[in-house]
Amino acid sequence: IFSGVGTGTDYYDSAVPLPDGRVLFIPASSTTGNIGLFNPVSLTFSSVSVGTNSYEGGVVIPDGRVIMCPLGVGNVGIFNPATNSFTTATPAGIVSVASNYNNAVCLPDGRVLFVAQSVTNFGLYNPLTNTFTTISGAPGGNAFIGAALMPDGRIICSPRSSTTIGIISGLVQGVPPEFCLHPMFNKF
């Protein structure tokens, strides 16, 4: 049974469960510029401004913060649920024109893999060192929409407008199943 709660006119493209039980909605439009926060217990909604930044997808990292995928911006969005605050990081190596990623996977070492949307590389962000590198080989053209981390360390990317299933290997080895299956870290 569906029950609706009004959120205004913001446009969201992804949801991330937070450690405190709330759900974070990621802003996919730079015209609205708000993170949505929904409390499913009290059925209340609030928002936090991200300015003119756009993101599409995100993931919780082990320290509880949410890393958001850049969508045509030269920064990574970071939301801290403990303080309800939003910041950006401009990691070395990121290029705003080429930063179109639509989802994220948290790796056990804390790095975040950004799934290629309309670019021909995957992004790899390290929040501890604030560095960004790329992994070539994505077909481009909105090929992938999400990804899942497997216990053997492979990352499986789901096709969007492609007949190809993406398989990334060699980033991590032997991931504990409870990490792979935990909805806080890997929700797809």
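Keep in mind it's a predicted model, so treat the numbers as computed, not measured. (Residues numbered from 1 in each chain as written. Predicted model: local features only at pLDDT ≥ 70, side-chain atom pairs only at ≥ 80, totals over all residues. Heavy atoms only, no water.)

### So, the overall build of the chain
Along the backbone of the chain there are 1 helix and 15 strands. Expressed as a percentage of the 188 residues in the chain, the buried residues total 48%. Across the chain, every contact between residues at least 6 apart in sequence was considered, and the portion connecting residues at least 24 apart equals 41%. Total accessible area computed for the chain in this model is approximately 8,400 Å², and 57% of it derives from carbon and sulfur atoms. (Helix = DSSP H or I, 4+ residues; strand = E, 2+ residues; numbered from the N terminus. Buried < 20%, exposed > 50% of the residue type's maximum accessible area, 1.4 Å probe, protein only. Contact = heavy atoms within 4.5 Å. Areas by Shrake-Rupley, 256 points an atom, 1.4 Å probe, with all protein chains shown as cover.)

### Focus: the sheet that holds strand β8 (residues 85–89)
Pairing within the open sheet is antiparallel, and its 4 strands lie in the order β5-β6-β7-β8. Pairing within the sheet leaves two strands with one partner each, and these edge strands are β5 (55–60) and β8. The mean inter-strand angle of the sheet, taken between neighbouring strand axes irrespective of direction, is 25°. (Pairing = 2+ DSSP bridges. Axes fitted to C-alpha atoms, helices over the stretch in contact; angles between N-to-C directions.)

### Observations concerning the pattern of salt bridges
Within the structure shown, the criterion is met by 4 salt bridges. Put simply, arginine 22 and aspartate 20 hold a salt bridge, and the shortest N to O gap is 2.9 Å. Accessibility expressed as a relative area gives 14% for arginine 22, which makes it buried. A salt bridge links aspartate 63 to arginine 65, with the shortest nitrogen-to-oxygen separation between them at 2.9 Å. (Salt bridge = Lys/Arg side-chain N within 4 Å of Asp/Glu carboxyl O.)

### Section: the nonpolar core
Formed by 35 residues in total, the largest nonpolar core has its most connected members in Ile67, Phe114, Phe122, Tyr125, Leu149 and Ile155. Every element with two or more residues in this core is listed here: β6 (66–70), β7 (76–80), β9 (101–106), β10 (112–116), β11 (121–126), β13 (144–149), β14 (155–159) and α1 (177–181). Sort the elements by how many residues they give to this core and β10 lands first, with 5 residues. Beyond its immediate stretch of four places on either side in the chain, isoleucine 155 contacts Val105, Leu107, Leu113, Ala147, Ala148, Leu149, Gly166, Ile167, Ile168 and Leu171. (Core = buried A, V, L, I, M, F, W, Y, C linked by side-chain atoms within 4.5 Å.)

### Notes on unusual backbone geometry
Phi angles above zero are rare outside glycine, and leucine 43 is one such case at about 55°. Its location among the elements puts leucine 43 in the loop between β3 (34–39) and β4 (44–49). Judged by relative accessible area, leucine 43 falls into the partly exposed class, the value being 47%. Positive phi is not limited to glycine here, since asparagine 130 has a value of about 55°. Looking at the secondary structure, you find asparagine 130 in the loop between β11 and β12 (131–136).

### Digging into the packing of aromatic side chains
Per the stated rule, a full pass over the model turns up 9 aromatic pairs. With a centroid separation of 5.9 Å and an interplanar angle of 25°, the aromatic rings of phenylalanine 122 and phenylalanine 144 are classed as stacked. You can see phenylalanine 122 sitting in strand β11 and its partner phenylalanine 144 sitting in strand β13, a full 22 residues away along the chain. Assigned by exposure class, phenylalanine 122 and phenylalanine 144 land together as buried. (Phe/Tyr/Trp six-rings, centres within 6.5 Å; stacked < 30°, edge-to-face > 60°.)

### Considerations on the confidence of the model for the chain
Per-residue pLDDT for the chain has a mean of 82; in total, 84% of the residues score no lower than 70. The spread of mean pLDDT over the elements of the chain runs between α1, the lowest at 72, and β7, the highest at 93. (pLDDT = per-residue confidence, 0-100.)

### As for the pairing of β11
Every other side chain in a regular strand lies on the same face of the sheet, so the side chains alternate between the two faces. Along β11, 6 of the 6 residues are buried, which leaves the element largely enclosed by surrounding structure. Here β11 shows two buried faces, one formed by Asn121, Gly123 and Tyr125 and the other by Phe122, Leu124 and Asn126. Sheet analysis places β10 next to β11, joined by 3 bridges and oriented antiparallel. From the neighbouring strand, phenylalanine 114 faces β11, where its bridge partner is glycine 123. The turn linking β10 back onto β11 is made up of 4 residues. From the end of β11 to the start of β12, which pair antiparallel, there are 4 residues, and asparagine 130 there has a positive phi angle of about 55°.

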